[in-house]
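Coordinate analysis (summary)
Listed below, chain by chain, are the residues.
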Amino acid sequence: MKILIAADMEGISGVVHWDQTSSKHPEYARFRKLMTGDVNAAIRGACEAGAEEVIVADGHGSGRNILIEELDPRARLNSGSPSPFAMVQGVDGGVSAAIFVGYHARNGSKDAILDHTWSSSSVSNVWINGQAIGEIGWNAAVCGHFQVPVIMISGDQTACAEAVELLGPIETAVVKQATGRMAAECLPPEVAQRAISDAAERAVGRLRAGERPQPLRFETPLTLTLELPHSDKADRAAILPGAQRVAGRRVEIVVDDAPTAYRAFRAFVGLARE
Ligand SMILES: [Zn+2]
């Protein structure tokens, strides 16, 4: 049994502000250590329940956040950016299930720490076949293409609720109760990491017992609709071959599968950012 642990930073224990997730800010050093701790907690729980192999994807920013010198030696680390599958790099390597650690709610959510979808400056909304998704949905859809179910998530209460609504009754570890975009009641890391480890252990235990959640699949071909915050960003995103400009701030593209939609989305955001 091989488990992919996909890690982001905004949903890590104690994080409530962008400064804590930005390598340019002195607070970042503390929170990358906490991110490593949250990831190690998930590795511990997964291995205790019988995971034989663990691959970690460092999915925040440039993918250079997790302190490899402190990583549980039972895991391997996909680090750096860009990689073909970005936040779920390694998903195509025979993975049994995925665990999302430190995830956050999609852009526009209420009471959600640092809610955004990929880029707070370039993405307002994303839909696949008319269904609104954020990073939880994107990464679950890429996992779903490879028949990989997401079995657990950690983050604030809103991110966990978004995952359950989209994916069904997966295991959750709520490490903070958000009362806004930049305020939350946070569990101390020791308590939060125990919750993460316990949830990972339950999730892998359920998987071993034959209880396998349905991987997230969308009907093909997929229609990806992206709403940008300003029309000039849509002007640039619409340069992507195959894209249709469907409204002042919206572009759309029809593709064959979820990994191609993910690539198109990343290309749209790259163009929009220029
Ligand atoms: Zn992030």
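Here the structure is a predicted model, which is why all the values come from computation and not from measurement. (Residues numbered from 1 in each chain as written. Predicted model: local features only at pLDDT ≥ 70, side-chain atom pairs only at ≥ 80, totals over all residues. Heavy atoms only, no water.)

Check the secondary structure of the chain and you find six helices and 12 strands. Computed over the C-alpha atoms, the radius of gyration of the chain is 18 Å, within 12% of the 19 Å expected from 2.2 N^0.38 for a compact globule of 274 residues. By residue count, 56% of the 274 residues in the chain fall in the buried class. The long-range share in the chain, meaning contacts at least 24 apart out of those at least 6 apart in sequence, stands at 70%. Accessible area of the chain: about 11,200 Å², with a carbon and sulfur share of 48%. A distance of 3 Å separates the average location of the 27 positive side-chain charges in the chain from that of its 33 negative side-chain charges. (Helix = DSSP H or I, 4+ residues; strand = E, 2+ residues; numbered from the N terminus. Rg over C-alpha atoms; globule rule 2.2 N^0.38 Å. Buried < 20%, exposed > 50% of the residue type's maximum accessible area, 1.4 Å probe, protein only. Contact = heavy atoms within 4.5 Å. Areas by Shrake-Rupley, 256 points an atom, 1.4 Å probe, with all protein chains shown as cover. Lys, Arg positive; Asp, Glu negative; His and termini not counted. Charge placed at Lys NZ, Arg CZ, Asp CG, Glu CD.)

In this model helix 1 (residues 28-48) runs 30 Å from its N-terminal to its C-terminal C-alpha over 21 residues, within 8% of the 30 Å that 1.5 Å per residue would give. In terms of burial, helix 1 is largely enclosed, as 15 of its 21 residues are buried. (Expected span 1.5 Å × (residues − 1).)

What follows is about the nonpolar core. Val88, Phe100, Trp138, Leu167, Phe265 and Phe268 are the most contacted members of the largest nonpolar core, which totals 55 residues. In terms of residue count, the dominant contributor to this core is helix 6 (residues 258-273) (nine residues). Residues in contact with Phe100, not counting those within four places in the same chain, are Ala6, Val88, Ile136, Asn139, Ala140, Cys143, Val150, Met152, Ile153 and Ser154. Of all hydrophobic cores here, the second largest spans 41 residues; its members include Met9, Val16, Ala42 and Ala75. (Core = buried A, V, L, I, M, F, W, Y, C linked by side-chain atoms within 4.5 Å.)

On to the coordination of the zinc ion. The protein atoms that coordinate the zinc ion are Asp8 (OD), Glu10 (OE), Glu10 (OE) and His60 (ND1), at distances spanning 2.1 to 2.6 Å. Classification of the site at the zinc ion as irregular follows from its four donor atoms and the range of 53 to 141 degrees in their angles at the metal. Taken in sequence order, the residues that donate to the zinc ion follow the motif D-x1-E-x49-H. Remark: His60 occurs in the loop between strand 2 (53-58) and strand 3 (75-78) and Glu10 occurs in the loop between strand 1 (2-7) and helix 1; sequence separation between them is 50 residues. Judged by relative accessible area, Glu10 falls into the buried class, the value being 4%. (Donors = N, O, S within 2.8 Å, 3.2 Å for Na, K, Ca; no water. Tetrahedral: all angles 85-135°; square planar, octahedral: opposite > 155°, others 65-115°.)

This part covers the sheet that holds strand 3. Read from one edge to the other, the open sheet built from seven strands follows the order 3-2-1-4-7-8-9, with strand pairing classed as mixed. The two strands at the open ends of the sheet, each matched to only one other strand, are strand 3 and strand 9 (184-186). Across the sheet, the axes of successive neighbouring strands diverge by a mean angle of 25 degrees, strand direction being ignored. Sheet analysis places strand 2 next to strand 3, joined by four bridges and oriented parallel. By the bridge assignment for strand 3, Val54 is matched with Ala75. (Pairing = 2+ DSSP bridges. Axes fitted to C-alpha atoms, helices over the stretch in contact; angles between N-to-C directions.)

With that settled, the discussion passes to the sheet that holds strand 5 (residues 125-128). Adjacent strands of a sheet form backbone hydrogen bonds with each other and so pair up, either parallel or antiparallel. Strands sit in the order 6-5-10-12-11 across an open sheet of five strands; the sheet is antiparallel. The sheet is open, and its two borders are formed by strand 6 (131-132) and strand 11 (244-247), each paired with just one other strand. Pairing geometry for strand 11 and strand 12 (residues 250-255), over three bridges, is antiparallel. Bridge pairing in strand 12 links Gln244 to Glu252.

Moving on, we come to the pairing of strand 7 (residues 150-156). By the criterion of burial, strand 7 is predominantly enclosed, with seven of the seven residues buried. When strand 4 (residues 97-103) meets strand 7, the two strands line up parallel, connected through four bridges. When the sheet's bridge partners are listed, Phe100 is paired in strand 7 with Ile153. Relative to strand 8 (residues 171-178), strand 7 runs parallel, the two being bridged by five bridges. Note that in strand 8 the partner of Gly155 across the bridge is Val174. Handedness of the crossover is the feature at issue here: the chain leaves strand 7, passes through helix 3 (residues 157-167), returns alongside strand 8, and the resulting connection is right-handed. (Right-handed = clockwise from strand over helix to strand, strands pointing away.)

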